[in-house]
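Below are the chains, spelled out letter by letter.
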Amino acid sequence: MQQSAVAYFTNGRIIIAPVSRTVSGDNIATDPKWFGKSAKKTVIAQAIGEGLAASRADVPDPTSEEWKRQFIPFQDAAAVKNFKTFMRDARRVDIERTDDAVTLTPFDNLGPNNGFEARESDIVTLVTEDTETLAVHVLALLGPRPPAMSG
């Protein structure tokens, strides 16, 4: 089974969340966890592992009202009041694990009206189950590596 998670870096915060697939085939990110940019690599690694493990298939489709409110927990995790502010300097990396390979896809921020676009030329595929290795790569892809990412 494929497991998925998403990582954002915005407003000085690292946000990691599981991504599940609904019964109609849409992807939905839920339950974001946030960390300050000085969080230790081991903490980020654990969050990535937990995010991948919480990824599910065939989750119920949200109602249209639930879809409208779906991103509010991400705004709260970033300590911003709206999507426009979230997107101001947001960086995104998708994390997908299938069998023994993990694919990291960085995205370009096209602004609040256009969202994100995958940067196909920068996709990284790793053959590892070590979440600390994943954390190092995810943090590097999120842009200027947040400082103090030791241990």
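Scroll up a little and you will see the structure.
What you see as residue numbers is a count from 1 along each chain, following the sequence as written. pLDDT decides what is reported in this predicted model: residues at 70 or higher carry local features, side-chain atom pairs at 80 or more are listed and counted, and totals for whole chains, interfaces and linings draw on all residues regardless. Only hydrogens and water are removed before side-chain values are computed, so all heavy atoms of the structure are retained for them.

## A look at the environment of Gln 2
Here is step 1: Assignment of secondary structure puts Gln 2 in the segment before strand S1 (3–10).
Here is step 2: Whether a residue is buried, partly exposed or exposed follows from its accessible area with a 1.4 Å probe, protein chains only, as a fraction of its type maximum: under 20%, in between, or over 50%, in that order. Among the residues examined, Gln 2 registers a relative accessible area of 36% and is labelled partly exposed.
Here is step 3: Spatially, the C-alpha atoms of Gln 2 and Glu 96 are 6.8 Å apart, while their sequence positions differ by 94 residues.
Here is step 4: When sequence neighbours within four positions are dropped, the list of residues in contact with Gln 2 reads Ser 55, Glu 96, Arg 97 and Thr 98.
Here is step 5: Separated by 3.3 Å, the side chains of Gln 2 and Glu 96 make a polar contact. Think of it this way: any DSSP run of H or I at least four residues long counts as a helix, any run of E at least two long counts as a strand, and we number them from the N terminus. Only heavy atoms enter the contact rule, under which two residues are in contact if any of them lie within 4.5 Å. By the criterion applied in these results, polar contacts are pairs of N or O atoms within 3.5 Å in which, for protein atoms, one can donate a hydrogen and the other can accept it, and in which residues neighboring in sequence qualify only through two side-chain atoms.

## Notes on the pairing of S1
Here is step 1: Within S1, seven of the eight residues are buried, leaving the element largely enclosed by the surrounding structure.
Here is step 2: By the convention used here, strands pair only if DSSP detects at least 2 bridges between them. As paired strands, S1 and strand S5 (residues 91–98) are joined by seven bridges and run antiparallel to one another. Directly across from Ser 4, in S5, lies its bridge partner Glu 96.
Here is step 3: Pairing geometry for S1 and strand S2 (residues 13–21), over seven bridges, is antiparallel. Residue pairing in the sheet places Ala 7 in a bridge with Ile 16 of S2.

## A short note on the packing of helix H1 (residues 41–54) against helix H5 (residues 131–141)
Here is step 1: Two elements in contact, H1 and H5, have axes separated by 8 Å at closest approach and are oriented at 100 degrees. When the interaxial angle is binned, H1 and H5 end up roughly perpendicular. From H1, Lys 41, Thr 42, Ile 44, Ala 45, Ile 48, Gly 49 and Leu 52 reach across to H5, where they touch Thr 131, Glu 132, Leu 134, Ala 135, Val 136, Val 138 and Leu 139. Every axis in this analysis is a line fitted to C-alpha atoms, fitted for helices over the stretch in contact. Angles between the N-to-C directions lie between 0 and 180 degrees. Here roughly perpendicular refers to angles of 65 to 115 degrees, roughly parallel to angles under 35, roughly antiparallel to angles over 145, and oblique to all remaining angles.

## Description of the packing of aromatic side chains
Here is step 1: Side-chain rings of Phe, Tyr and Trp (the six-membered ring for Trp) are treated as a pair once their centres are within 6.5 Å; stacked means planes under 30 degrees apart, edge-to-face means over 60, and tilted covers the remaining angles. Considering all chains together, one arrives at seven aromatic pairs under this definition.
Here is step 2: Look at Tyr 8 and Phe 116: their rings are 5.9 Å apart centre to centre, the planes differ by 50 degrees, and that puts the pair in the tilted class. With Tyr 8 in strand S1 and Phe 116 in strand S7 (residues 116–118), this pair connects stretches of sequence that are 108 residues apart. Like Phe 116, Tyr 8 is buried.
Here is step 3: Ring plane angle 85 degrees and centroid distance 5.4 Å describe the contact between Phe 71 and Phe 83, whose orientation is recorded as edge-to-face. Within this pair, whereas Phe 71 is found in the loop between helix H2 (64–69) and helix H3 (72–77), its partner Phe 83 is found in helix H4 (residues 83–87), the two being separated by twelve residues in sequence.
Here is step 4: On the basis of relative accessible area, Phe 71 is assigned to the buried category, the value being 17%.
Here is step 5: Phe 83 sits in the partly exposed class, given a relative accessible area of 30%.
Here is step 6: Taken together through their ring pairs, the aromatic side chains of Tyr 8, Phe 71, Phe 74, Phe 83, Phe 86 and Phe 116 make up a single cluster.

Spatial relationships are all this shows, so hold off on functional conclusions.
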